[in-house]
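# Structural overview for review
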Amino acid sequence: LRYNDITAADANTNEINRAIKNMKSGDTLVFDGGILYISASDISGGINIKDKKNITIDGNGTVLVNTSFDAKESTSSLAYQRSNIFSIAESENVEIKNLTIDFYNQASVSGEITELKDGYTYITLFDEYLSGDKPSLLGDTPAFASNSFNEDGVPASEVYFDEANKSLICVNADTGEFRLRGEHGKAGESIAVRLTKGSASPAIFVYDTHTLKLENVNVRSCPSATFYALSGNSDFTFDNFVIEPYENSEALLASNVDCIHIKGLRGKLELKNCRFIGIGDDALNVHSRAAMIKEIDGNNVIAEDGWTKSKLDRLWAKDGDTVELFDKNFRSLGTAQIKKFATGKIVFESLPEGAENACVMQNLAYCPETVIENCTVERGRARGFLLQTKPSQPNVLYSTYQQKVSQVHIL
């Protein structure tokens, strides 16, 4: 591997993936420390951990920097597949520890609102965006939202831009003067401009993986969700997982969207000693995928994903799972156990009274036992911890949660 060499990003990624592919159960891959530039192609998805069991990735203090993401390419849907750093799939008992994650190109920028004039918000970026290690912004850059903050760091306003007005317009790159169409916030407030449309692929993507631990992992910037897991996973642990700008940085945001977004998790979820500082959305969002009954015949049901309206995939449930049903007014009808599950089709042991078309179903297996201990959320524009729990069996334990700006929501 070639450290501290941005021209080696592709070669580094290929070499890391080759080493991981050859890892056997019980192996540990240890980096040497320093800055290691990597790139994610539309195909590779960055560093791939697939079909592995009992392995450890030890960063040993290494800073992994993604070079392939560029907010200026937001018009290309493929470009947003280039923001992965790790892709973890179909694996068991994986640990990633002792490393820092960052992005070479700006994912968001921060500055001070200088004036609101003639239908524009004028901004002077902080000095680090002019003389820092990352390239300065030149020309116009697509943006999808802005957030202003008062002098205490409390969020003051939020604006999402439509397609016609979504650019951060360069006025003078040398002095850091930019403007946004529309008048947002107030003169003298700090402002963060998120430079992606929010649908960028996450820095860490997880699929069909069981027993995953992230320990001593720092995230300094991220264009989208930092950690994103589909349903079908189980048992996640985050210990000293920190999303926060670098020390002495004036950056207001480290993560543009959710820090940890999990679409259903079996087993247990632990967050210990974690910090989420400067976040564009929730620190943690854990929820299952709701389903809607389309056809019903006795105990046989055909159902679809409540969001995508597509057939339920194989990860939505397993034989033996318990499902709670809700009527059109989202009142609980009771629970039912799955006898046999196939794509889009469910055979229940029996259904509660009132079950009919358009009823909503929640798989209770995807409400993990959750422990949140000694975690901090500061300068967040949305919520702290958003958790979907079993209505009749609350399964969340809090300990020493320091509430700053965000709120705790239990659903």
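Structural data are supplied above this passage.
Sequence order as written defines the numbering, with residues in each chain counted from 1. It should be noted that, the model being predicted, local features are given only for residues of pLDDT at least 70 and side-chain atom pairs only at 80 or more, the latter also being counted only at that level, while totals for whole chains, interfaces and linings use all residues. The basis for every side-chain value is the complete set of heavy atoms in the structure, and neither hydrogens nor water enter the calculation.

Core analysis: the biggest nonpolar cluster contains 71 residues, and Phe227 and Phe276 have the highest contact counts within it. Counting residues per element, this core draws most heavily on strand β6 (residues 92-103), at five residues. Put simply, a nonpolar core is a bunch of buried Ala, Val, Leu, Ile, Met, Phe, Trp, Tyr and Cys residues held in one set by side-chain atoms that sit within 4.5 Å of each other. Working definition: with a 1.4 Å probe on protein chains only, accessible area under 20% of the residue-type maximum means buried, over 50% means exposed, and in between means partly exposed. Each helix is a run of H or I in the DSSP string that is no shorter than four residues. Each strand is a run of E no shorter than two, and both are numbered from the N terminus.

Okay, the layout of surface pockets next. Considered as a void within the structure, the second largest pocket measures approximately 520 Å³ in volume. Think of a 1 Å grid over just the protein atoms. A cavity is a set of points where a 1.4 Å probe fits yet cannot get out, a pocket is an open set with protein on both sides within 12 Å along at least five of seven lines, and lining residues have an atom within 4 Å of a point. Along the wall of the second largest pocket there are 26 residues; nearest its centre are Asp102, Glu128, Asp133, Lys134 and Tyr246. Of all the elements in the fold, those that place two or more residues in the lining of the second largest pocket are β2 (35-38), β4 (53-66), β6 and α2 (128-131). Note on residue categories: nonpolar means Ala, Val, Leu, Ile, Met, Phe, Trp, Tyr, Cys or Pro, charged means Asp, Glu, Lys or Arg, and polar means any other residue, Gly included. Residue composition of the lining of the second largest pocket, by class: 14 nonpolar, six polar and six charged. Grid points are joined across faces, edges and corners, and a volume is the space filled by probe spheres set on the points.

As a further point, take the side chain of Ser221. Tracing the backbone shows Ser221 in the loop between β16 (210-219) and β17 (227-229). Here Asp102 takes part through its side chain, which lies 2.5 Å from a polar atom of the side chain of Ser221. Throughout, a residue-residue contact means that at least one pair of heavy atoms, one from each residue, lies within 4.5 Å. If sequence neighbours within four positions are ignored, Ser221 has contacts with Ile101, Asp102, Phe103, Lys134 and Ala254. What qualifies as a polar contact is a pair of N or O atoms within 3.5 Å, subject to a donor-acceptor requirement within protein and to the restriction that residues adjacent in sequence count only when both atoms come from side chains.

Between the rings of Phe, Tyr and Trp (Trp by its six-membered ring), a pair exists once the centres lie within 6.5 Å; its type follows the angle of the planes, with under 30 degrees stacked, over 60 edge-to-face, and the other angles tilted. Within the structure shown, the criterion is met by nine aromatic pairs. Between Phe238 and Phe241, the ring centres sit 5.2 Å apart and the planes meet at 55 degrees, which makes this aromatic pair tilted. Considered together, Phe238 and Phe241 belong to a single accessibility category, that of buried residues. Ring plane angle 80 degrees and centroid distance 6.2 Å describe the contact between Phe276 and Phe385, whose orientation is recorded as edge-to-face. Highlighted residues: Phe276 in strand β21 (residues 275-279) and Phe385 in strand β31 (residues 385-387), separated in sequence by 109 residues. Note on Phe276: relative accessible area 0%, which makes it buried. Taken together, Phe227, Phe236, Phe238 and Phe241 form an aromatic cluster joined through their ring pairs. Charges are assigned to positions over rings by a cutoff of 6 Å between ring centre and Lys NZ or Arg CZ, combined with an angular limit of 35 degrees from the ring normal. Over the ring of Tyr120 we find Arg179; its NZ or CZ atom is 3.9 Å from the centre of that ring. Against the face of Tyr366 rests Arg266, its NZ or CZ located 4.7 Å from the ring centre.

Turning to the state of the cysteines, a few remarks are in order. Note on terminology: disulfide describes a covalent bond linking the sulfur atoms of two cysteines. Disulfides are defined as cysteine sulfur pairs within 2.5 Å. Scanning all chains against the criterion turns up zero disulfides. Lacking any disulfide linkage, Cys359 is separated from the closest cysteine sulfur, that of Cys367, by 18 Å. Left unpaired, Cys375 is separated from the closest cysteine sulfur, that of Cys274, by 4.3 Å. Assessed through its relative accessible area of 0%, Cys375 is described here as buried.

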